[in-house]
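Fold and geometry: a report
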Amino acid sequence: MNFYIVDVFAVGKYTGNQLAVFAGDGVGELSDTDMQRIAKEMNYSETTFITSTQMRDGGYDVRIFTPEQELPFAGHPTLGTAYVLQQEIIQQPVETIILNLKIGQIPVTVNYAVEAVEWLWMCQKTPTFGQGFSPNKIAPVLNLDVEEIDTKFPIEEVSTGVPFIIVPLKTLAAVKRIKVNQDKYFDLISNTQAKAILVFCPETYSSENHLNVRMFADAMGVPEDPATGSANGCLAGYLVEYAYFGEDAIDLRVEQGYEIGRPSLLLLKAQKGEAGIEVNVGGKSIIIAKGDFF
């Protein structure tokens, strides 16, 4: 098999979220157990397997694993895998690459600057909204005071394929101070569909950006993620649903990963349409290394 190490939602080399992508004839021979063990060996937040380089129904079959479990969808693996497909397998400019994931087909649009890929955009599933939570329930999980939560907006489960608990905070200082209480976290998610928490605030490290985000998912083997496309897609739907910026459409720059030394940039676009909220998440990908896996 061939493997590729990719930085996704990167602002330069060695930033963004790391991804391992496996391709080649040997991938199709792997069992589910093999894929899970390899993902654990790589130990990134996600590892993907392109199980065939031949298109099926117009797309490429891809599976996504965290170190602990398979996922039906995830954001940075979708963009990073599409980038590897374009650069290493298709090897020519194409406007759209479709990934056949467990959740269904996810299209990725490729934007070019001259001949180089500049941005990749994925269109996520229409967001759905679930269980709500009180600030008194969530604050102890994050080791925050209740007053640090922005109660003008709800704390709620949102999903575009993988559910997240979205928590609005008031300040960057509060975001920085978060230290997840493991006992309270696992107690919380024992009764929720979502097993991961995304927090955000309108204060940022960079003046060019609009929001700062952190994401925690210990139950998935990811204590904190540097950049989470699926969670930010849920956030995009949330921001439109509750008119966080006073409008029913957004076009934003979101920073993540600063607190763990992996600064990342995600672009969010969303608007209300006839079929629901349309969500697109974009970013840059950089191949850092590639080689053979035995």
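Conventions adopted
For every chain, the first residue of its written sequence is number 1, and the numbers climb from 1 along that sequence. Reporting in this predicted model follows two pLDDT cut-offs: at least 70 for local features of residues, and 80 or more for side-chain atom pairs to be given and counted; totals over whole chains, interfaces and linings ignore these cut-offs and use all residues. Here the side-chain values reflect all heavy atoms present in the structure, with hydrogen atoms and water set aside. Note on conventions: DSSP H or I runs of at least 4 residues are helices, E runs of at least 2 residues are strands, and numbering of each starts at the N terminus. Remark: exposure states derive from per-residue accessible area (1.4 Å probe, protein chains only) relative to the maximum for the residue type, with buried under 20%, exposed over 50%, and partly exposed in between. The criterion for an aromatic pair is that two Phe, Tyr or Trp rings (for Trp, the six-membered ring) have centres within 6.5 Å, with stacked assigned to planes under 30 degrees apart, edge-to-face to planes over 60 apart and tilted to the rest. Pairing of N or O atoms within 3.5 Å defines a polar contact, subject to two protein rules: one partner must be a possible hydrogen donor and the other a possible acceptor, and residues neighboring in sequence count only if both atoms are side-chain atoms. Any two residues whose heavy atoms approach within 4.5 Å are treated as being in contact. By convention a nonpolar core is built from buried Ala, Val, Leu, Ile, Met, Phe, Trp, Tyr and Cys residues, the set being connected through side-chain atoms within 4.5 Å. Here, a salt bridge means any Lys or Arg side-chain nitrogen found within 4 Å of an Asp or Glu carboxyl oxygen.

**Examining the environment of Thr 126**
Tracing the sequence through the fold places Thr 126 in the loop between β8 (116-124) and β9 (128-133). Taking relative accessible area as the criterion, Thr 126 reaches 41% and is therefore assigned partly exposed. Separated by 44 residues in the primary sequence, Thr 126 and Lys 170 have C-alpha atoms spaced 27 Å apart.

**Thoughts on unusual backbone geometry**
Excluding glycine, most residues fall at negative phi; most peptide bonds, likewise, are trans. Unusually for a residue other than glycine, Asn 43 sits at a positive phi of about 65°. As for its placement among the helices and strands, Asn 43 is situated in the loop between α1 (32-42) and β3 (46-50). Positive phi outside glycine occurs at Asp 57, with the angle close to 55°. As for its placement among the helices and strands, Asp 57 is situated in the loop between β3 and β4 (60-65).

**Quick notes on the packing of aromatic side chains**
Aromatic ring pairs are defined here through the distance separating the ring centres and the angle between the ring planes. Taken as a whole, this structure holds 13 aromatic pairs when the rule is applied. With a centroid separation of 5.2 Å and 65° between ring planes, the pair formed by Phe 200 and Tyr 244 is classed as edge-to-face. Residue Phe 200 is found in strand β12 (residues 197-201), and its partner Tyr 244 is found in the loop between α6 (229-241) and β14 (249-256); the two are separated by 44 residues along the sequence. For Phe 200, a relative accessible area of 0% puts it in the buried group.

**Considerations on the side chain of Asn 232**
In this fold, Asn 232 is placed in helix α6. One polar contact links Asn 232 to Gln 256, side chain to side chain, over a distance of 3.1 Å. Contact partners of Asn 232, with chain neighbours within four places excluded, come to Leu 198, Val 213, Val 254, Gln 256, Leu 266, Leu 268 and Val 281.

**What about the nonpolar core?**
Here is a general trend for soluble globular proteins: nonpolar side chains tend to be buried in one another's company. Among the nonpolar cores identified, the biggest contains 61 residues, and Ile 166, Phe 200, Leu 235, Leu 239 and Leu 268 are the most heavily contacted of them. With seven residues, the single largest contributor to this core is α6. Core analysis: the second largest hydrophobic core is formed by 24 residues, Ala 139, Ile 149, Val 175 and Tyr 185 among them.

**Points about the pattern of salt bridges**
Scanning all chains against the criterion turns up 13 salt bridges. One salt bridge connects Arg 56 with Asp 61, and the closest N-O pair in it is separated by 2.8 Å. What makes Arg 56 partly exposed here is its relative accessible area of 42%. Note on Asp 61: relative accessible area 18%, which makes it buried. With its nearest N and O atoms 2.5 Å apart, the salt bridge here joins Arg 177 to Glu 148. Placement of the pair is Arg 177 in helix α4 (residues 172-177) and Glu 148 in the loop between α3 (135-142) and β10 (155-159), with a sequence separation of 29 residues. Each of Asp 32, Arg 63 and Glu 70 takes part in a single network of salt bridges with overlapping partners.

Remember that the coordinates give geometry; whether it matters functionally is a separate question.
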